[in-house]
Each structure stands twice: as C-alpha cells, then as structure tokens.
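Observations on the three-dimensional arrangement
The residues making up each chain are set out below.
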Amino acid sequence: MKIGCPKEIKPQECRVGLTPNAVREAVAHGHDVIVETGAGDGAGYADADYVAAGARVAGTAAEVFDAAELVVKVKEPQAQERARLRAGQVLFTYLHLAPDPDQTRDLLVSGVTAIAYETVTDARGGLPLLAPMSEVAGRLAPQVGAWALQKANGGRGVLLGGVPGVAPGRVLVIGGGVVGTHAARVAAGMGADVTVIDRSVPRLRYLDDVFGGTFRNAYADAATTMDLARQADLIIGAVLIPGAAAPMLISRAQLADLKPGAVLVDVAIDQGGCFETSHATTHQHPVYEVEGIVHYCVANMPGAVPRTATHALGNATLPFVLALADKGWRRACAEDPHLLAGLNTHAGHLTYGAVGVALGLPVLAAEEALAI
Ligand SMILES: NC(=O)c1ccc[n+]([C@@H]2O[C@H](COP(=O)([O-])OP(=O)(O)OC[C@H]3O[C@@H](n4cnc5c(N)ncnc54)[C@H](O)[C@@H]3O)[C@@H](O)[C@H]2O)c1
C-alpha cells in the first residue's frame, strides 16, 4: 500500500504522523511510504532520517495526498488538506468531528474513509490513541507548575521538593485518571507532598493499591476539594466527564481562599476547564494571573514536547497503521472491533453515532459501512 505522511499545517503543531522507525516497519511489511519534505522537522526528524528508513521524500503536500492510499497524520485535516481527500482513500488521524460541522461536511463530500484516533477503543474500555497524550500532559503538568511557582514567573516562590529542613510544596491533583495519575507520580518524584482526589471510589481503590506509599488520595466532595485547595501550592485540574464539559470545581470567589501566588494548572482546559477563571492559553503566553493566583491553561500541552509526543503517539498508532496497510481498511476493521470503532466517515456516510447526535446528521452503522 502507498502510505502518505504530510507535514502538519495546523498552527503550532510540530508533531508528525509517522516516525522514521514507523516508516522502517511499514517498508519492511512491503509498503511504499511517501513523506512530505520537512514533515519531521518540528519533532527533530530530518528528511534524511526518513530516506534512511526507506521512505520517498516528496516536495509538496499535493504529491503526498495524490499518491497516498492511506494518509497518516496527527491533527484533523485543515480546509486545504480536506480539498485533497478523495473517495477510496483512508485517512487515519485525530478528527474530533462532534464540534466541527465544517470538517464533517467536507469529509462526507470527499467520500474519504476517515478513521479517528480518538474513537479507537481497547479491550478494557479505554481510548488507546488518546491515552499517550494524556500521559504526556500529565507528566508535564508538575513540570510547568513548578516553573510557574517560581517568583519570576508570578508564583509564590516555593520549590516543590523543599530542601532539608524546609517542608516540600503541596500539590493537589483533582481527577485521578490518566492525566492525574501521571501528574501525581511526577510531582511525588520531585519530592512534593501530593494528594489526588477523585469522585470514583473504584479509581481511588486502584490508586491506593498501586500508589498508596507514593501519594495520598481522598474522595472529591466539594468540602474536601476546598480544604485541600486552601493548603496547596500547586493545583492540577485533571477531571473528565466523558462527552461533557469539565465540571467547574473552583469559582472566582474561592480564589480568595487559596494561598497568594498559588498555581492552577488546568489540564482539562480542552474540555472548557475546571476552574471558573480558566481560559485557554498558548505555549507563547502560557500563564496569566487572576486575584493573585497564577493560571496555566495551555490547551495542547503535548505540543511543548513534540519529540516525546510524536514518539508516544507513534508507538500507539503503529499496530493500527500496519493492520490498515497490510489488510486494507475493510478487513482490518472487520477483524478488529476496536479499530472499527474509529470509523467516522466512509463514502459519504457518517458512521459514528455520537457525532451524528452532536451535529444532527443521519448515521450509518459502521458494520454496514464495511459492505459499501
Ligand atoms: N491540555 C491538554 O493538552 C490535554 C492533554 C491531554 C488530556 N487533556 C484533558 O485532561 C482531562 C483528563 O483526561 P484523562 O485522560 O486523565 O481522563 P480520565 O477519564 O482518565 O480521568 C478523569 C478522571 O476525572 C475524574 N472526575 C470526574 N469528575 C470529577 C470531579 N468532579 N472531581 C474529581 N474527579 C473527577 C474521573 O472519575 C476520572 O478518574 C481531559 O479533559 C482531557 O481532555 C488535556
């Protein structure tokens, strides 16, 4: 199969759909890989690395899209990319169609077979192609929080690890899922005094079993949340209610109860944020202050570490890329219900229920699309 990997064109996106190692594996499986020149630059992979792995480097995006039977990307296709898609071609990337009627319309008009990373599932009910980015954002959260706590960056001048004779900083992680667990592990590793709170008792049980000696946990009722928030130097918002906006957990008025110069890192900002005073920021201007509290609310945190993020995403996508290329999308999806769960559009049909509900469009069952 001809596999194409264009350079990402969404502003500030430095990740790339295929690493040179992924290319090497695809080539070993007998496939042709075409990579747009400069596609790996942002993640630290040169054209020469792709050539050494067996890819052909193309000078333009048009060449890649025209040649590719399977297009592997990171972000949802932008308007000019959508204009290059066609029926019979398979697109494998993050799509996030529910809030995006324009993209959905263009994918349906193009007839492309679009498989969305974010809706591929696994046997444990997880989202294996979203999890790596939550792991990256989670591990980054204490790192950026520690930076923001430095006086020159607006924070209260607390070193998370403390020093001999001086108590460590206190970190409250709200939400003990993928982001929260990774955030808590790194914060604890920095020497901070960490508590994770969650509303799921089974999740608290798991955290207690596995990390009981590393950080504390507590049930996230409103009173406990505020009690712990008042004592915290750094608060990391890592909640998710699937399919819903993030719950609002600290109001503007409650900021007055926090320690002056405390830092809020709102990882859940991509779902609207869990602090009332959160608004999305960028890597260029990541922090702002409200009522003396520093807010870090970057909506695409993995963008800060595109090399690690590309590698982590590539590890998770590679088995699916190989299955799609080796078997063709129909057999790959027919044999793997978790990959079939990723099918969002095919031949002008919308095939993912939640997107149909969100956009008020008719949906064809993905199983039926296999026969078209
Ligand atoms: N900003 C970024 O760059 C970035 C990157 C990756 C993920 N995220 C976001 O981070 C958030 C967390 O993602 P995740 O993968 O860890 O999700 P997850 O489903 O693994 O974990 C979410 C946890 O929040 C808990 N929760 C829900 N409501 C709660 C409440 N009111 N109080 C306490 N806990 C509550 C759930 O029980 C669950 O354990 C999501 O909004 C996700 O979109 C952001």
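Since the model is a prediction, treat every value here as computed from it, not as a measurement. (Residues numbered from 1 in each chain as written. Predicted model: local features only at pLDDT ≥ 70, side-chain atom pairs only at ≥ 80, totals over all residues. Heavy atoms only, no water.)

1. As for the overall build of the protein
- Secondary structure summary: the protein contains 14 helices and 15 strands in total.
- The C-alpha atoms of the protein give a radius of gyration of 22 Å, which matches the 21 Å a tight globule of 372 residues would have.
- Projected onto its principal axes, the C-alpha positions of the protein cover 65 × 45 × 35 Å.
- Expressed as a percentage of its 372 residues, the buried residues of the protein come to 51%.
- Long-range pairs, those at least 24 residues apart, make up 61% of the contacts in the protein with a sequence separation of at least 6.
- Carbon and sulfur atoms make up 55% of the accessible area of the protein, which amounts to about 15600 Å² in all.
- Between the centroid of the 29 positive side chains of the protein and the centroid of its 37 negative side chains there is a distance of 3 Å. (Helix = DSSP H or I, 4+ residues; strand = E, 2+ residues; numbered from the N terminus. Rg over C-alpha atoms; globule rule 2.2 N^0.38 Å. Buried < 20%, exposed > 50% of the residue type's maximum accessible area, 1.4 Å probe, protein only. Contact = heavy atoms within 4.5 Å. Areas by Shrake-Rupley, 256 points an atom, 1.4 Å probe, with all protein chains shown as cover. Lys, Arg positive; Asp, Glu negative; His and termini not counted. Charge placed at Lys NZ, Arg CZ, Asp CG, Glu CD.)

2. Let's talk about helix α1 (residues 20–28)
- Looking only at α1, the buried set comprises Pro20, Ala22, Val23 and Ala26. When α1 is viewed along its axis, its buried side chains cluster within an angular range of 155 degrees and face the same direction.
- In this structure, the buried side of α1 is in contact with β1 (2–5), β2 (32–36), α2 (47–53) and α10 (306–327).
- Positive backbone phi, approximately 95 degrees, marks Gly30, located one or two places after α1. (Arc of directions from axis to C-beta.)

3. Focus: the sheet that holds strand β8 (residues 193–198)
- Overall, mixed pairing links the 7 strands, which are arranged β9-β8-β7-β10-β11-β13-β12 in an open sheet. Single-partner strands in this sheet number two, and they are β9 (216–219) and β12 (287–290). Neighbouring strand axes in the sheet, compared pairwise and without regard to direction, differ in orientation by 20 degrees on average.
- Inspection of the sheet shows β12 paired to strand β13 (residues 293–296) by 4 bridges, in the antiparallel sense. Its bridge partner lying in β13, Val287 is registered against Tyr296. (Pairing = 2+ DSSP bridges. Axes fitted to C-alpha atoms, helices over the stretch in contact; angles between N-to-C directions.)

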